[in-house]
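Architecture at a glance
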Amino acid sequence: MDFISDDAGDTYNMCHFWSNFEIADMDFWRGEAYTKFFNHLENTGGFYYERWGDAPVHSIAAALFTRKDQLHFFKDIDSGRKDTVHAIQTTASISRKIRA
């Protein structure tokens, strides 16, 4: 959970995988843990009223229900967005990218 929370899970730090590039085992999305998680979120009305998106929901689920060794970070493939950077970059590389 470390990558999605800076305070041991009390709050969400908005770090997430962009969902325009996901490779996933569909058994995960169809599994009991994710289904219960999704149904809980759906029942709160947050998708409709708060416009919760799939990227943060998928990222939180991955942090909660998978082991770190089950995730792969494609560091050479990004979403192509100019306003974002990889969350795991160092501060120096982030500042260089922003100035570029």
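Residues numbered from 1 in each chain as written. Predicted model: local features only at pLDDT ≥ 70, side-chain atom pairs only at ≥ 80, totals over all residues. Heavy atoms only, no water.

Counted by the stated rule, this structure contains nine aromatic pairs. Measuring from centroid to centroid gives 4.9 Å for Tyr-48 and Tyr-49, while their planes differ by 90°, and the two rings are edge-to-face. For the pair Tyr-48 and Tyr-49, one class covers both residues: exposed. Here the aromatic cluster, defined as three or more aromatic residues joined through ring pairs, consists of Phe-28, Trp-29, Tyr-34, Phe-37, Phe-38, Phe-47, Trp-52 and Phe-65. (Phe/Tyr/Trp six-rings, centres within 6.5 Å; stacked < 30°, edge-to-face > 60°. Buried < 20%, exposed > 50% of the residue type's maximum accessible area, 1.4 Å probe, protein only.)

In this section: the confidence of the model for the protein. In this model, the protein carries a mean pLDDT of 78, and residues with pLDDT of at least 70 account for 74%. Mean pLDDT values for the elements of the protein range from 41 in helix H5 (residues 91-99) up to 96 in helix H2 (residues 32-44). In this model, residues 89-100 is a region of pLDDT below 50 whose contacts with residues beyond four sequence positions or in other chains number six contacts. (pLDDT = per-residue confidence, 0-100. Helix = DSSP H or I, 4+ residues; strand = E, 2+ residues; numbered from the N terminus. Contact = heavy atoms within 4.5 Å.)

Turning next to unusual backbone geometry. Although it is not a glycine, Ala-8 adopts a positive phi angle of roughly 60°. Relative to the elements of secondary structure, Ala-8 occurs in the segment before helix H1 (26-30). We classify Ala-8 as exposed; its relative accessible area is 78%. Phi angles above zero are rare outside glycine, and Arg-51 is one such case at about 60°. Among the structural elements, Arg-51 can be located in the loop between helix H3 (46-49) and helix H4 (54-65).

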